[in-house]
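Descriptive analysis of the structure
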Amino acid sequence: MQVYAKGPSPSHLGPLGLNTIPDARMDAPGTVRVQASIARPYTHGSLGLQIARPLYIALHQTTETGGSPLRHADRLYPGIDLKILLLSETARRPAVALGLQSAAGQKRTAGEYLVLSKRFGDFDVTGGIGWGRMAGRNRIGNPLKPLLGHFGKNRTFDDEQANGPGDWFTGNNVGLFGGVAWDTPHEGLTLKADWNADSFAAEQSRPDFDTPQPWSVGFSYSPRDWITLGAAFAGGNAIYGSLSFQAPIGRWPGRAGKTEKPQPYPPYRSGSGSPAAIDSDAAEQDMKLRSVFDDDGHTVASRLLLTPDSSLPQQAGRAVRSMARYGGRNAETFEIRPALLGLEGPSIRLMPRDLEQTMARENGSPQEIWRHTEINVTDGTTIPDHLDMQPTAYTVALDSKTSLSEDDQGLLYRTGLIVEGRRMLTRHLLTGQGVRLNLANNLKHLNDFRLQPLLPVRSDEDAFAARGIAVDRSYISWMQSLNTDWHYALTAGYLEEMYAGFGGEILYRPFGRTFAFGAEVWEALKRDPAIPFNLGVNGDHLLTGHLKAWYEIPGTDLTLQARVGRYLAEDIGGTLSLTNAFRNGASLEAFVTATNRSDINIFGGESNLASGLRLRLPIGNIPLVPDGSVARQTAAPFGRDSGQSIDNPLPLYDLTTPLSYRAITENWGDIVK
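Two quantities define a packed helix pair, namely the angle between the axes and the distance from one axis to the other. In the contact formed by helix α1 (residues 275–284) and helix α2 (residues 312–326), the axes pass within 8 Å of each other and the chain directions differ by 140 degrees. Put simply, α1 runs oblique to α2. Of the two elements, α1 crosses α2, and the hand of that crossing is right-handed. Residues A277, I278, D281 and A282 of α1 lie in contact with α2, whose contacting residues are S322, M323, R325 and Y326. Considering only residue class, the contact of α1 with α2 consists of five nonpolar, one polar and two charged.

This part takes up the pairing of strand β27 (residues 536–552). Successive residues of a regular strand alternate their side chains across the two faces of the sheet. Pairing of strand β26 (residues 515–528) with β27 involves 13 bridges; the strand directions are antiparallel. Each bridged residue has a counterpart across the sheet, and for A519 the counterpart in β27 is L547. Bridge count for β27 against strand β28 (residues 558–566) is eight bridges, and the pairing is antiparallel. Within β28, the residue paired with E552 across the bridge is T559. Taking the residues that link successive antiparallel strands as the turn, the β27-β28 hairpin has five residues, and the phi of G555 there is positive, at about 75 degrees.

Here K107 lies in the loop between β5 (95–105) and β6 (111–120). Through-space distance from the C-alpha of K107 to that of V292 is 67 Å; in sequence the pair is 185 residues apart. Ignoring sequence-local partners within four residues, the contact set of K107 consists of T156, F157, D159, Q161, A162, N163 and D167.

Here we come to α1. All buried positions along α1 are accounted for by I278, D279, D281 and A282. Burial along α1 is one-sided: seen end-on, the buried residues are contained in an arc of 165 degrees. Residues of α1 that are exposed and point more than 90 degrees away from the buried face comprise A276 and E284. Those residues of α1 that are buried are in contact with β14 (288–293), β15 (299–305) and α2. D286 sits one or two positions beyond α1 and adopts a positive phi of about 65 degrees.

Counting 42 residues, the largest nonpolar core has V320, F334, I336, L350, L355 and M479 as the members making the most contacts within it. At the level of secondary structure, the elements contributing two or more residues to this core comprise α1, β15, α2, β16 (333–340), β18 (347–350), α3 (352–360), β23 (469–481) and α6 (652–656). In terms of residue count, α2 provides more of this core than any other element does, six residues in total. Among all residues touching L350, those that are not within four sequence positions of it are V320, E332, T333, F334, I336, L355, I369, T373, W668 and I671. With 25 residues, the next largest nonpolar core counts I80, L404, L558 and A631 among its residues.

So, about the pattern of salt bridges. Summed over the entire model, instances satisfying the criterion amount to 43 salt bridges. Here K258 ties to D627 by a salt bridge, and the two come within 3.3 Å at their closest N and O atoms. Residue K258 is found in the loop between β13 (238–248) and α1, and its partner D627 is found in the loop between β31 (606–618) and β32 (630–635); the two are separated by 369 residues along the sequence. Among the residues examined, D627 registers a relative accessible area of 29% and is labelled partly exposed. Put simply, E497 and R414 hold a salt bridge, and the shortest N to O gap is 3.0 Å. With E497 in the loop between β24 (486–494) and β25 (499–508) and R414 in strand β21 (residues 412–424), the pair connects residues that are 83 residues apart, well separated along the chain. Salt bridges sharing partners connect three or more residues here, namely D399, K401, R414, R436, E461, D472, E497 and R632.

Next up on the list: a nonpolar patch on the surface. A grouping of L398, V435, L437, L439, I469, I531, F533 and L535 is seen on the molecular surface, where their side chains present a nonpolar patch of about 630 Å² in accessible area. In terms of residue count, the dominant contributor to the nonpolar patch is strand β22 (residues 429–441) (three residues). Looking at the secondary structure, you find I531 in the loop between β26 and β27.

Applying the stated criterion across every chain yields a total of 11 aromatic pairs. Here W215 and F233 contribute two aromatic rings whose centre-to-centre distance is 5.9 Å and whose plane-to-plane angle is 70 degrees, an arrangement assigned as edge-to-face. Placement of the pair is W215 in strand β11 (residues 215–224) and F233 in strand β12 (residues 227–234), with a sequence separation of 18 residues. The partly exposed category is assigned to W215, whose relative accessible area is 31%. Summarising the aromatic geometry, the rings of W226 and F245 are spaced 6.2 Å apart at their centres and angled 10 degrees between planes, so their arrangement reads as stacked. Here W226 is found in the loop between β11 and β12, whereas its partner F245 is found in strand β13, with 19 residues between them in sequence. W226 gets classed as partly exposed once you look at its relative accessible area, which sits at 45%.

What counts and what doesn't
Residue positions are given per chain, counted from 1 along the sequence in the order it is written. In view of the model being predicted, local features appear only for residues whose pLDDT reaches at least 70, and side-chain atom pairs are presented and counted only at 80 or more, with totals across whole chains, interfaces and linings using the full set of residues. Note that water and hydrogens are dropped before the side-chain values are worked out from all heavy atoms of the structure. Whenever a helix is involved, its axis is fitted only over the stretch in contact; in every case the axis is a line through C-alpha atoms, and angles between N-to-C directions fall within 0 to 180 degrees. A helix here means a DSSP run of H or I that spans at least four residues, while a strand means a run of E at least two residues long, and both kinds are numbered starting from the N terminus. Angular relationships are summarised with four words: roughly parallel below 35 degrees, roughly antiparallel beyond 145, roughly perpendicular across 65 to 115, and oblique for the angles in between. Handedness of a crossing is defined here by the sense of rotation of the near helix relative to the far one, left-handed for an anticlockwise turn of less than a right angle and right-handed for a clockwise turn. The contact criterion used throughout is that any non-hydrogen atoms of two residues lie within 4.5 Å. Side-chain classes follow a simple rule in which Ala, Val, Leu, Ile, Met, Phe, Trp, Tyr, Cys and Pro form the nonpolar group, Asp, Glu, Lys and Arg form the charged group, and the remainder, Gly included, forms the polar group. Any two strands are treated as partners once DSSP identifies two or more bridges connecting them. Here's how the labels work: a residue is buried when its accessible area is under 20% of the maximum for its type, exposed when over 50%, partly exposed in between, all with a 1.4 Å probe on protein chains only. Regarding the arc, it is the one traced by the directions from the helix axis to the C-beta atoms. Joining through side-chain atoms within 4.5 Å is the link that ties buried Ala, Val, Leu, Ile, Met, Phe, Trp, Tyr and Cys residues into a set, and such a set is a nonpolar core. Salt bridges, as used here, are contacts in which a Lys or Arg side-chain nitrogen is within 4 Å of a carboxyl oxygen on Asp or Glu. Distance thresholds for patches are 9 Å for like charges and 5 Å for nonpolar side chains (Val, Leu, Ile, Met, Phe, Trp, Tyr), applied to residues having over 30% relative accessible area and no salt bridge. With residues, only the protein chains shown are counted as cover, and all accessible areas are computed by Shrake-Rupley using a 1.4 Å probe. The pairing test for Phe, Tyr and Trp rings, Trp by its six-membered ring, is centres within 6.5 Å, and the orientation test on the planes gives stacked under 30 degrees, edge-to-face over 60, and tilted for anything in between.

Keep in mind these values describe shape, not function.
Okay, structure coming up:
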């Protein structure tokens, strides 16, 4: 039996914990948490995502302001935090978590910890050991030092070089910390007391800093489930305060599209049937079918052009209603051949009698339909191509980007509105156009203190953001599936906001398997922000490309992606990302990139690591907003040149996901909707 903490709340640095120390608790998967706190002499801000049950990732910015958020910052200390649940709590065992504070970023706040938490009724007891900033007091010898001398090396907190894996778990000593939280009878109120191991060695050089004692007492209060207030009295001379907003993405009310009630399923089949009548009836329901019968009329096969706004099972369930109405009395099998933007999916064969029992007589279930459904990836009924040109499908994207990862700037942001249209010209040829309206940004001083390279990759992002309206994309692409497992695309034009060019991608995604492999190559031409609508190119061109791999983690909605290759600055490296896709169409992604080129900050520090978070929320069900529209939020550094890649307008893995076995099975219940 698993036991979980009631109402976990954050510590003043962001991760869940007591006042000044972390605990082993985790938010619900998909929770987004934004927090601001004051802990003299710093003001902290963080954006955290609970990507999965065992993994929390956050970007934080620590500003040295003397504890006043209104004061100009003397220094900035960005970083990325990780927290990994190693063991869940049971009746006999505590929860165990491993954490890295500022795993990549400035060393001022860096530290690692191993922590245990155990609940006893309304009390939650925590204890652990820490390295780095968390090893200044209550010390014992580093238990890792005897294993490898590397772990015993000295550790500083004022080095301008970025913290990294070579610094993790190092130092001659570790610190011991602990505390307890009490969930009071007053709903939402928790009292906390802890004993930390931070000696504030780096801050003691400030003449106005009085080092607090290691103890603290405080509280957290959640008047609503989306807000948490916290305060603590620490060491006899310091007061901490925090404000946190949190929301579970799984409860997001937005959807990719507007859903209308489907037409009734006929309770019986009659007549001789007509493929043309099936297609005409489907067209009245805003579906595109091309239907044929076999020689004896026992199989009705329809090629279904999917939209990305609802699941394949839901669209197939609506298509078979038209097939049942005009498929004839002899129909024994309905066959759906799905296609999306020129890419082909497997043949899905359904039994009409199962559909009638479930949809017409309400005497069955989607599981009973599934029991007799056949999915064939090798062959299927031959269906003629669609000859009609498809109408343009428009979408809107509210595209926002923020950064807590700068050494020379505080919170940076930019927001734009992108209107994009896609149109199928033939079965495999499509075109896309997008217009970007830059609504707001504060990048005017982005490069005041930075060295501007002769050939910028993305360090001139401020110039692109300054243009009010621009062509975001304009391309033509040929997309085709060689079979159910192999797909390729060739694309040319204005590929993304900052680059034009041409190239292609190939994807091997075996149906029913949890892995996929692919490769992409682009000849990229840098667009010129000085030319109206960014339509010019500045003559800089280069070859970039990557080998890619994906793995769907069984039993979860998580997908792990890895890529290696040549980036836009001609640097060589790799990117690792983890994505959690929710049933409502929202997704969370965390990524980290490392290459052989380092970006240099204004203090001379170097870093070849870049990391970030992406949040995607569907908004297509809002009235007057086109189906498929989204709100996108990215938290990543601005103006970085290393580790940058082309933003592919038609990523094959994403486009084939609705055709995958995982998507079909996870959304099979939609077949009756």
